[in-house]
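Coordinates in review
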Amino acid sequence: LAFDRRNPGYLDRVTGTYGMFAMEFQERRNLGFSGVTNIDTHDTSFVFKKSNFFFDDVIICLGSGISNADTAHPTVTTLYQNVTSPGNVTVNNGTYTSVGTTTSFSGTSDNWVLDNSGTGYYIVAGSGDLLVQRKDQQTPSPTQTNPSVLNPLTQAAIGYLSHGTAPSNSGY
């Protein structure tokens, strides 16, 4: 995703182990692969606001105003995307080990996740459905300019919130 600045992002008052970050996002128009002006690759109506607050070793992430007009694709907020070693993912006291499937946990109740790198996430009810998966994936190299050339397959653990298609003022 590339964005136009609706308002500049703010990194305000970083003192020791405390800080905050805030931004207002608007999807950029006419930007194709590798920064070449081209057809739109994402829905240009996509907007959101994001705030992160840092207290010692705790980060509180808030998102609001998540909206777009894309009825063909769900809008998601990625929590983590890691290669699967060193270990499993824990969701609501259960170990998630399924490979090649996506499991959904209802967003009508609180959920918590401990990802395979040991980072914990507490997701309050109303943030969208929590989806977790473990699957093979290929990603382009960060320095490549040809999107058809991919790195070898690697297994990844992925967790994200689904805000559904064409969300209007969703948040987490």
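This text gives an overview of the structure that appears in the document. (Residues numbered from 1 in each chain as written. Predicted model: local features only at pLDDT ≥ 70, side-chain atom pairs only at ≥ 80, totals over all residues. Heavy atoms only, no water.)

A separate point is the environment of Tyr96. Secondary-structure assignment places Tyr96 in strand 7 (residues 94-96). Tyr96 sits 61 residues away from Ala157 along the chain, and the two C-alpha atoms are 9.7 Å apart. Apart from residues no more than four positions distant in its own chain, Tyr96 is found in contact with Asn88, Val89, Val91, Thr101, Thr102, Thr103, Val132, Gln133 and Arg134. At a separation of 2.9 Å, a polar atom in the side chain of Tyr96 contacts the main-chain carbonyl oxygen of Thr101. Side-chain polar atoms of Tyr96 contact the backbone oxygen of Val132, separated by 3.2 Å. (Helix = DSSP H or I, 4+ residues; strand = E, 2+ residues; numbered from the N terminus. Contact = heavy atoms within 4.5 Å. Polar contact = N/O pair within 3.5 Å; in protein donor to acceptor, adjacent residues only side chain to side chain.)

The subject of this paragraph is the side chain of Ser162. Looking at the secondary structure, you find Ser162 in strand 12 (residues 154-165). Overall, the relative accessible area of 19% leaves Ser162 in the buried class. Only 3.3 Å separates the side chain of Ser162 from the backbone nitrogen of Gly164, close enough to count as a polar contact. Contact partners of Ser162, with chain neighbours within four places excluded, come to Pro74, Thr75, Val76, Gly128, Asp129 and Leu131. (Buried < 20%, exposed > 50% of the residue type's maximum accessible area, 1.4 Å probe, protein only.)

Before going further, it helps to examine the packing of aromatic side chains. Centre-to-centre distance and the angle between the planes together describe a pair of aromatic rings. In total, this model carries five aromatic pairs according to the counting rule given. Between Tyr80 and Tyr121 the ring centres are 5.8 Å apart and the planes differ by 35°, which places this aromatic pair in the tilted class. Placement of Tyr80 in strand 5 (residues 74-83) and of Tyr121 in strand 10 (residues 120-123) is noted, with a sequence separation of 41 residues between them. Per residue, the accessibility class of Tyr80 equals that of Tyr121, and both read buried. Ring pairs connect the aromatic residues Phe25, Phe46 and Phe48, which therefore count as one cluster. (Phe/Tyr/Trp six-rings, centres within 6.5 Å; stacked < 30°, edge-to-face > 60°.)

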